[in-house]
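Residue-level structural notes
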Amino acid sequence: MKSDYVMKKYKVCMKIYNLLQLMCKQSYKNQEYAFKFIFSLVSHLGYGRFVSKCLAEILKGNEKLLYSLHKVTFTTSVVSVSYANLPIDAEKRTLISEIVNRIKEFRPYEKDEIFDLLKDICLYNNQAIYINQDTIFRMMYEDVHFRTMHLIELSNDNDQVFINHRGMSYPFDQFFQNEESTKSRKDIRFLKSQLDLYAT
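Since the structure is predicted, the reported quantities are computational estimates derived from the model, not experimental observations.

Another aspect to go through is the side chain of Lys111. Mapped onto the elements of the fold, Lys111 is located in the loop between α6 (95-104) and α7 (112-120). Sequence-distant contacts of Lys111, defined by excluding residues within four places in its chain, comprise Gly46, Phe106 and Phe190.

Below, the structure written as structure tokens:
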């Protein structure tokens, strides 16, 4: 009985996000309006792939929004953008930090759609947005705890790349062929999303 209620609520939520995504498609005006509520939407990241797709559509192709993400700070109800040239403070609650922190709220190797969103906010017209890349790099890859707990680590030994995953080390090509129960399609999809983010 309760599971029916939860499923109905989930489906309504999905329809709302799909509608919001459609509303923002190729409309800068709608994107900028939806952006006012972005922190509320980010708090739903991880509840379904439809959330990250919606957020990507809100930002897609909007140069003004994409280049301001490292400056957008959290306020109680509305997004505040400071256009002053302030140094980036990793402790400050920016939109990028909120997205990265959502990864920490789930089991490791689980939310590849958040990595896909991070990749999307690093590009505008197939050109890198270096400030977003740098902010993400510092938050994820320079943080040893985050890197060891939430990323599939890659290492290089004698010019061969190894994947260190769930206490095991695999040569890169064997990771995709080995059928051990420690890996799953989900883990492989997670690694692909992680590598796609590296490649931006």
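All right, on to the environment of Asn156 then. Tracing the backbone shows Asn156 in strand β5 (residues 153-157). Along the primary structure Asn156 and Phe172 are separated by 16 residues, whereas in three dimensions their C-alpha atoms are 9.9 Å apart. A distance of 3.3 Å separates a polar side-chain atom of Asn156 from the backbone nitrogen of Asp159. Reaching out from Asn156, the side chain makes a polar contact with the backbone nitrogen of Gln160 at a distance of 3.4 Å.

Another point: the environment of Leu65. With respect to the secondary-structure elements, Leu65 resides in helix α5 (residues 63-66). Residue class for Leu65 comes out buried when judged on its relative accessible area of 5%. With 56 residues separating them in the primary sequence, Leu65 and Ile121 have C-alpha atoms 9.5 Å apart. Once you skip the residues sitting within four places of it in the chain, Leu65 turns out to touch Gln31, Glu32, Phe35, Ile58 and Leu59.

Take a nonpolar patch on the surface next. Together, Leu154, Val161, Phe172, Phe176 and Tyr198 line one region of the surface with nonpolar side chains, adding up to about 390 Å² of accessible area. With respect to the helices, strands and loops of the structure, Val161 is situated in strand β6 (residues 160-165). Given a relative accessible area of 37%, Val161 falls into the partly exposed group.

Bringing the pattern of salt bridges into the picture now. Taken as a whole and judged by the stated rule, the model has 10 salt bridges. One salt bridge in this structure joins Glu32 and Lys64, with 3.6 Å as the shortest N-O distance. Of this pair, Glu32 sits in helix α2 (residues 28-35) while Lys64 sits in helix α5; the two residues are 32 residues apart in sequence, bridging distant segments of the chain. Judged by its relative accessible area of 29%, Glu32 is partly exposed. For Lys64, a relative accessible area of 48% puts it in the partly exposed group. One salt bridge connects Asp134 with Arg138, and the closest N-O pair in it is separated by 3.3 Å. On the criterion of helical spacing, the pair formed by Asp134 and Arg138 is a turn pair, its members being 4 residues apart in helix α8 (residues 130-140). By relative accessible area, which is 26% here, Arg138 ends up partly exposed. A network of salt bridges, in which partner residues are shared, links Arg49, Asp112, Glu113, Asp116 and Arg189.

What follows concerns the nonpolar core. Core analysis: the biggest nonpolar cluster contains 48 residues, and Ile58, Ile121 and Met140 have the highest contact counts within it. With 7 residues, helix α4 (residues 49-59) is the single largest residue contributor to this core. Apart from residues no more than four positions distant in its own chain, Ile121 is found in contact with Leu59, Leu66, Leu69, Ile96, Ile99, Ile129, Asn132 and Ile136.

Let us look at the confidence of the model for the protein chain. Of all residues in the protein chain, 88% attain a pLDDT of 70 or more, and the chain-wide mean is 85. Here strand β2 (residues 80-81) stands out as the least confident element of the protein chain, with mean pLDDT 48; α4 is the most confident, with 97. Within the model, pLDDT remains below 50 along residues 76-91, and this stretch shows 24 contacts once partners closer than five positions in the same chain are excluded.

Applying the stated rule across the entire model yields 8 aromatic pairs. Both rings, one in Tyr67 and one in Tyr124, keep their centres 6.3 Å apart while their planes meet at 75 degrees; by these two values the pair is edge-to-face. Within this pair, whereas Tyr67 is found in the loop between α5 and β1 (72-73), its partner Tyr124 is found in strand β3 (residues 123-124), the two being separated by 57 residues in sequence. Aromatic ring contacts, followed pair by pair, group Tyr10, Tyr17 and Phe50 into a single cluster. Looking at Arg102, its charged tip hangs above the ring of Tyr47, at a distance of 5.4 Å from the centre.

What counts and how
- The numbering scheme is per chain: residues are counted from 1 as the chain's sequence reads.
- The predicted origin of the model limits local features to residues at a pLDDT of at least 70 and limits the giving and counting of side-chain atom pairs to 80 or more, whereas totals for whole chains, interfaces and linings rest on all residues.
- Heavy atoms from the whole structure form the basis of all side-chain values; hydrogens and water molecules are not counted.
- A run of DSSP states H or I qualifies as a helix once it reaches four residues; a run of E qualifies as a strand once it reaches two. Both are numbered from the N-terminal end.
- The criterion used for residue contact is that any of the two residues' heavy atoms lie within 4.5 Å.
- A 3.5 Å cut-off defines polar contacts: any pair of N or O atoms within that distance qualifies, except that in protein one atom must be a possible hydrogen donor and the other a possible acceptor, and neighbouring residues in sequence count only when both atoms are side-chain atoms.
- Under the scheme applied here, a residue whose accessible area is under 20% of the maximum for its type counts as buried, over 50% as exposed, and between as partly exposed, the area being computed with a 1.4 Å probe on protein chains only.
- To count toward a patch, a residue needs a relative accessible area over 30% and no salt bridge; like charges are then connected within 9 Å, while nonpolar side chains (Val, Leu, Ile, Met, Phe, Trp, Tyr) are connected within 5 Å.
- Per-residue accessibility takes into account occlusion by the displayed protein chains alone, with areas from the Shrake-Rupley method and a 1.4 Å probe.
- A pairing counts as a salt bridge when a side-chain nitrogen of Lys or Arg comes within 4 Å of a carboxyl oxygen of Asp or Glu.
- To qualify as a nonpolar core, a set must consist of buried Ala, Val, Leu, Ile, Met, Phe, Trp, Tyr and Cys residues joined through side-chain atoms within 4.5 Å.
- One number per residue, pLDDT, summarises how confident the predictor is, and it ranges from 0 to 100.
- Only rings of Phe, Tyr and Trp enter the pairing, Trp through its six-membered ring, and a pair is recorded when the two centres are within 6.5 Å. The plane angle decides the type: under 30 degrees is stacked, over 60 is edge-to-face, the rest tilted.
- Both a distance and an angle decide whether a charge sits over a ring: NZ of Lys or CZ of Arg must be within 6 Å of the ring centre and within 35 degrees of the ring normal.

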